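One letter stands for each residue in the lines below.
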Amino acid sequence: MDVEHREFGDAAVRRAGSDDRLSEAQHRIANNLALIAGYTRLQATRLYKADRPLSAREACIALEEVAARIETVGELHRLLSDAPGHGLGGGGVDLGRFLAKLCTSLMQTVSFAGDTVITHRDSGGCMVRPDQATPVALIVSELVTNALKYAHPTGVAGRIRVSCRSVGGGLVVEVTDDGVGLSEDFNPLSDGGLGFRVVRGLARQLGADLVYESGDIGLTVRLTLGADEEHRVIPLWPDRD
Ligand SMILES: Nc1ncnc2c1ncn2[C@@H]1O[C@H](COP(=O)(O)OP(=O)(O)OP(=O)(O)O)[C@@H](O)[C@H]1O
Ligand SMILES: [Mg+2]
């Protein structure tokens, strides 16, 4: 092959690689939009079954929760499109960087956040695959939203800490608040509304452990992703994925 032909061939291979990445990214965006749509429909069903008028505050919170989920996924795709190779293949997603952005965005956009401060800390090097990043992001978004809604019923400004660290090849992600904690008769592994059910379902998808520690100084939820790289992400709503 002469030089000109080889260069043409290299360019074609590069273009094919970039086309593959583009179509994979589009596929992922479509899946995530379907996920959010499914979640929103479940929320609509739940509100319908409650069979009572919503207060203005409740309606506002419900819509803001949907907006927060859309923003979470949008932020994730922005990060993926900035990442070398679109976060596909080797590199993955820097979860710490993503969670830092997510905390800032939730603090600034969710009106019921009030003066609550959301901080983020990570040990660095918390990389996840793109298919793991979405469930983790939605879990954190859900837990932070819950903390904003319930940790301080009196309305005082609280503190929420989000952290991630790598441990022995696995990852630990924690959301902690300094509020009232869960009531004693509440079992977070089986009780709760749509939010806790979705959190449990997403953790199951990830093959991750979920631990709740509730006490006088608030609630900590810890998600541990094992070192086992082959943890597959199974569809939350199989008929939609
Ligand atoms: N950080 C928290 N502090 C205190 N109580 C909490 C906290 N998080 C959740 N809870 C309690 O757990 C319950 C279940 O939460 P869950 O997210 O499942 O439902 P929800 O937020 O009420 O509704 P949604 O289905 O829209 O999420 C809440 O109604 C609340 O009483
Ligand atoms: Mg909730």
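Everything in this summary refers to the structure shown in the same document.

Reading the values: rules and limits
Residues numbered from 1 in each chain as written. Chains lettered and ligands numbered in written order. Predicted model: local features only at pLDDT ≥ 70, side-chain atom pairs only at ≥ 80, totals over all residues. Near = placed C-beta within 6 Å. Helix = DSSP H or I, 4+ residues; strand = E, 2+ residues; numbered from the N terminus. Nonpolar A, V, L, I, M, F, W, Y, C, P; charged D, E, K, R; others polar. Pairing = 2+ DSSP bridges. Axes fitted to C-alpha atoms, helices over the stretch in contact; angles between N-to-C directions. Expected span 1.5 Å × (residues − 1). Buried ≥ 20, exposed ≤ 12 C-beta atoms within 10 Å, placed from the backbone. Core = buried A, V, L, I, M, F, W, Y, C linked by C-beta atoms within 7 Å. Contact = placed C-beta atoms within 7 Å. Left-handed = near helix turned anticlockwise from the far one by under 90°.

1. Some points on the site of ligand 1
Residues in close proximity to ligand 1 total 16 residues, the closest being Gly192, Gly193, Leu194, Gly195 and Phe196. Put simply, the parts of the chain that give the shell around ligand 1 at least two residues each are helix 4 (130-150) and helix 5 (194-206). Of all the elements, helix 4 adds the most residues to the shell around ligand 1, at 4 residues. Tallied by class, the residues present in the shell around ligand 1 amount to 8 nonpolar, 6 polar and 2 charged.

2. Considerations on the sheet that holds strand 5 (residues 170-177)
Here 5 strands make up an open sheet; going across it, the order is 2-4-5-7-6 and the pairing mixed. In the strand order of this sheet, the two ends are held by strand 2 (117-122) and strand 6 (209-215), each with one partner. Shown here is a sheet whose adjacent strand axes are inclined to one another by a mean of 10 degrees, direction ignored. Sheet topology places strand 2 next to strand 4 (residues 159-167); 6 bridges connect them, and they run parallel.

3. Focus: helix 4
Its 21 residues give helix 4 an end-to-end C-alpha distance of 30 Å, which sits within 8% of 30 Å, the value for a rise of 1.5 Å per residue. The buried fraction of helix 4 amounts to 18 of the 21 residues, a majority that puts the element mostly inside the structure.

4. Observations regarding the nonpolar core
Residues Leu95, Phe98, Val140 and Val144 are the most contacted members of the largest nonpolar core, which totals 46 residues. At the level of secondary structure, the elements contributing two or more residues to this core comprise helix 1 (3-50), helix 2 (56-82), helix 3 (95-109), helix 4, strand 4, strand 5, helix 5 and strand 7 (218-225). For this core, the element with the most residues is helix 4, which contributes 10 residues. Residues in contact with Val140, not counting those within four places in the same chain, are Leu99, Leu102, Val162, Val173 and Val175.

5. Section: the packing of helix 2 against helix 4
When two helices pack together, their arrangement is given by the angle between the helix axes and the distance between those axes. Axis separation between helix 2 and helix 4 bottoms out at 10 Å; the angle between their running directions is 145 degrees. As for the relative orientation of helix 2 and helix 4, their crossing is right-handed in sense. Along its contact with helix 2, which presents Ile61, Glu65, Ala68, Arg69, Thr72, Val73, Leu76 and Leu80, the element helix 4 presents Pro130, Ala133, Thr134, Ala137, Leu138, Ser141, Thr145 and Lys149. Taken together, the residues of the contact of helix 2 with helix 4 break down into 9 nonpolar, 4 polar and 3 charged.

6. As for the packing of helix 2 against helix 3
Relative orientation of the contacting elements helix 2 and helix 3 amounts to 145 degrees, with a least axis distance of 10 Å. Seen from above, helix 2 lies across helix 3 with right-handed handedness. Within the contact between the two elements, helix 2 uses Ala68, Glu71, Thr72, Glu75, Leu76 and Leu79 and helix 3 uses Phe98, Lys101, Leu102, Ser105, Leu106 and Thr109. When the residues that make up the contact of helix 2 with helix 3 are grouped by side-chain class, the tally is 6 nonpolar, 3 polar and 3 charged.

7. Some words on the pairing of strand 7
Direction of pairing for strand 5 relative to strand 7: antiparallel, over a ladder of 6 bridges. Bridge pairing in strand 7 places Thr176 opposite Thr220. Bridge analysis of strand 6 against strand 7 gives 7 bridges, and the strand direction is antiparallel. Considered in strand 7, the bridge of Tyr212 is made with Val221. Between strand 6 and strand 7, which pair antiparallel one after the other, the connecting turn spans 2 residues.

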